[in-house]
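# Report on the structure
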Amino acid sequence: MADFSALNARFGLSGQMTFREGSGGLAVVEVANNQGSATIALQGAQVMTWAPRGQSPVIWLSRAAKFAPGKSIRGGVPVCWPWFGPHATNASLPAHGFARTVPWEVIGTQTMTDGSARIDFRLIKSDATRALWPHSSQIECHVTVGAALEIELVTRNTDRIAVTIGAALHTYFEVGDIRQVTIQGLEGCSYLDKMDGGQRKQQTGLVTIGAETDRIYLNSSADCLIDDPGLTRRIRIRKRGSRSTVVWNPWIEKSVKMGDFGENGYLNMVCVESANAADDVVTIAPGGEHRLWVRYEIEPLI
Ligand code: TA6
């Protein structure tokens, strides 16, 4: 159990950043300032909610999400690391790596000059994580909450040999009705269609979703724009250090099978994940580092 009084004494920012016990006994930090608000679980350094001031939530969290130590939380921004999807050689290992289900520690907090608030986390290594990842790497997650949401994953290779990492910020965005949503920014990109045996295809025009959709777009570095007539807004996704973009919606059957999407939850979410997966995994030289950065903002729907 976290020592909340010690956390608040050392890292709390009065009036805008408070640590407390959340659902399932998970330690969370509440961020609220005059620009926006967010809730972040220390497990997985996982942003669970974010809303700019005066806006409805931009990050989707399932009403049926389960909260328990070691269990992935359905929604928010799960950190997939040090691999994306199933492990390349050992199917018994957890999908999307282990970063999202292990404890992270807070290593710093600060109020930024623009009034947003930043909190830095570092994954706590253990015998369990070393058993899954016997490399000497370190990962930090820096989250800045304001009228925009910024997240940066910093992987440092402190080993004497190169290391190859797959990663993603597996972000669930809230939308009014997925059937009306279009996604710009992936036109012309090739993608692996996981609904069609991983076939390599090419995107023509805007991405729309009318069935279970699970695609890894490769060599995709442009901003993505989620146009959402249901909530009459556009979500702009900027990224650096990510060459893959994953688009996922489980649709009806899969979301029911998963059991933590809630009644028709699939209608109000779309995952647009800034990642390095498949052909785009990243090799980091000894002593080197890799940064995967995103910035999310709301814009008017033009
Ligand atoms: O990013 C899409 C995906 O890889 C889907 O295939 C689906 O498995 C989704 O991630 C959710 O995975 P999770 O392990 O969080 O249930």
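Residues numbered from 1 in each chain as written. Predicted model: local features only at pLDDT ≥ 70, side-chain atom pairs only at ≥ 80, totals over all residues. Heavy atoms only, no water.

Right, let's get into the site of the ligand. Around the ligand sit Arg74, Phe84, His96, Arg100, His170, Lys194, Asp214, Val246, Trp248, Met258 and Glu273, and those are all the residues in its vicinity. Take His96: an N or O atom from its side chain is 3.0 Å from an oxygen atom of the ligand. Here an oxygen atom of the ligand and a side-chain polar atom of Asp214 are 2.6 Å apart. Across the complex, the protein chains shield 84% of the 390 Å² of accessible surface that the ligand would expose by itself. Partitioning the shell around the ligand into residue classes produces 4 nonpolar, 2 polar and 5 charged. (Near = heavy atom within 4 Å. Polar contact = N/O pair within 3.5 Å; in protein donor to acceptor, adjacent residues only side chain to side chain. Areas by Shrake-Rupley, 256 points an atom, 1.4 Å probe, with all protein chains shown as cover. Nonpolar A, V, L, I, M, F, W, Y, C, P; charged D, E, K, R; others polar.)

Before going further, it helps to examine the environment of Val270. As for its position among the elements, Val270 is in strand β21 (residues 269-276). Along the sequence, Val270 and Trp60 sit 210 residues apart, while their C-alpha atoms lie 8.5 Å from each other. With sequence-adjacent residues up to four places away left out, Val270 is seen in contact with Thr171, Tyr172, Phe173, Val175, Ile178, Ile183, Ile209, Ile226 and Trp248. (Helix = DSSP H or I, 4+ residues; strand = E, 2+ residues; numbered from the N terminus. Contact = heavy atoms within 4.5 Å.)

Attention shifts here to the pattern of salt bridges. What the rule picks out here adds up to 25 salt bridges. Glu140 serves as the salt-bridge partner of Arg156, at 3.1 Å between the closest nitrogen and oxygen. Here Glu140 lies in strand β8 (residues 137-145) and Arg156 lies in strand β9 (residues 149-157), a separation of 16 residues in the sequence. Take Arg156: its relative accessible area is 24%, and that puts it in the partly exposed class. (Salt bridge = Lys/Arg side-chain N within 4 Å of Asp/Glu carboxyl O. Buried < 20%, exposed > 50% of the residue type's maximum accessible area, 1.4 Å probe, protein only.)

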